[in-house]
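Each chain is listed here by its residues.
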Amino acid sequence: MAECIFCKIVAGDIPCHKVYEDDHVLAFLDIGPLSHGHTLIVPKTHHPTLDQVPDDVAAACGAIVPRLARAILRATGATAWNLLQNNGPDAGQEVEHVHFHIIPRESDDNLGFRWHTKSLDSDAALNLKVAISDALR
Ligand code: 5GP
Ligand code: ZN
């Protein structure tokens, strides 16, 4: 994708602070970090959102998450971390090349991560689980 900023980073046309690379995946520091060590993992192929990613590409992205998170924890001294993954503008995605955020956390860092929950209606749940299970076929 000629106009995609993450494709340009993968191609080396835009610089980044690379922390990891393999045949399928690149990881680099976020240019607008939420915390010290905020890192992005991107597949080298262009896919807008995770639901459009082939299984092997998703597996390559997921496989590096634990090792990268351990390294980031060790390097930053963070005590916790969030894995954030936004899909679509309505979910807050700004760069339309699928990516995973590793966000180091510590107590009282004021980043927050509390969403307002609703209760699960039992009739709605029955219909929903059937609809999702059917859609998986
Ligand atoms: P999104 O909201 O799409 O999930 O997150 C996009 C992330 O990409 C943001 O955290 C933003 O700071 C980061 N970002 C956008 N452009 C660049 C860039 O050119 N270089 C780097 N390293 N990060 C970027
Ligand atoms: Zn791209």
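Residues numbered from 1 in each chain as written. Chains lettered and ligands numbered in written order. Predicted model: local features only at pLDDT ≥ 70, side-chain atom pairs only at ≥ 80, totals over all residues. Heavy atoms only, no water.

Novice: Describe the sheet that holds strand S5 (residues 100-105), naming the residues involved and giving the relevant values.
Specialist: The strand order S1-S2-S3-S5-S4 describes an open sheet built from 5 strands, whose pairing is antiparallel. With partners counted over all chains shown, the strands left at the sheet margins are strand S1 (18-21) and strand S4 (80-84), one partner each. When the angles between neighbouring strand axes are averaged without regard to direction, this sheet yields 20°. In this structure, strand S2 (residues 25-29) lies alongside strand S3 (residues 39-43), joined through 5 bridges in antiparallel fashion. Paired with Val 25 across the two strands is Pro 43, which belongs to S3. Lying on the sheet, helix H2 (residues 55-76) is in contact with S1, S2, S3, S4 and S5; it crosses S3 at an angle near 160°. (Pairing = 2+ DSSP bridges. Helix = DSSP H or I, 4+ residues; strand = E, 2+ residues; numbered from the N terminus. Axes fitted to C-alpha atoms, helices over the stretch in contact; angles between N-to-C directions. Contact = heavy atoms within 4.5 Å.)

Novice: An account of the site of ligand 1 is needed here, citing residue identities and associated values.
Specialist: Around ligand 1 sit 16 residues, and of these Leu 29, Asp 30, Glu 94, His 99 and His 101 come closest. Measuring from an oxygen atom of ligand 1, one finds a backbone N or O atom of Gly 92 at 2.9 Å. Take Glu 94: an N or O atom from its main chain is 2.6 Å from an oxygen atom of ligand 1. Isolated, ligand 1 exposes 530 Å² of accessible area, and the fraction of that covered by the protein chains is 83%. For the shell around ligand 1, the secondary structure elements donating two or more residues are helix H1 (5-11) and S2. (Near = heavy atom within 4 Å. Polar contact = N/O pair within 3.5 Å; in protein donor to acceptor, adjacent residues only side chain to side chain. Areas by Shrake-Rupley, 256 points an atom, 1.4 Å probe, with all protein chains shown as cover.)

Novice: Lay out the coordination of the zinc ion (ligand 2) in plain terms, naming residues and giving numbers.
Specialist: Here the zinc ion (ligand 2) is held by Cys 4 (SG), Cys 7 (SG), His 46 (ND1) and His 97 (ND1), and the distances to it run 2.0 to 2.3 Å. Given 4 donor atoms and angles of 105 to 116° at the metal, the environment of the zinc ion (ligand 2) is assigned as tetrahedral. Between consecutive donors of the zinc ion (ligand 2), the numbers of intervening residues give the motif C-x2-C-x38-H-x50-H. With a gap of 51 residues between them, His 46 in the loop between S3 and H2 and His 97 in the loop between S4 and S5 connect regions that are remote in the sequence. Residue His 97 is classed as buried on the basis of its relative accessible area, which comes to 0%. (Donors = N, O, S within 2.8 Å, 3.2 Å for Na, K, Ca; no water. Tetrahedral: all angles 85-135°; square planar, octahedral: opposite > 155°, others 65-115°. Buried < 20%, exposed > 50% of the residue type's maximum accessible area, 1.4 Å probe, protein only.)

Any link to function would need more than the numbers given here.
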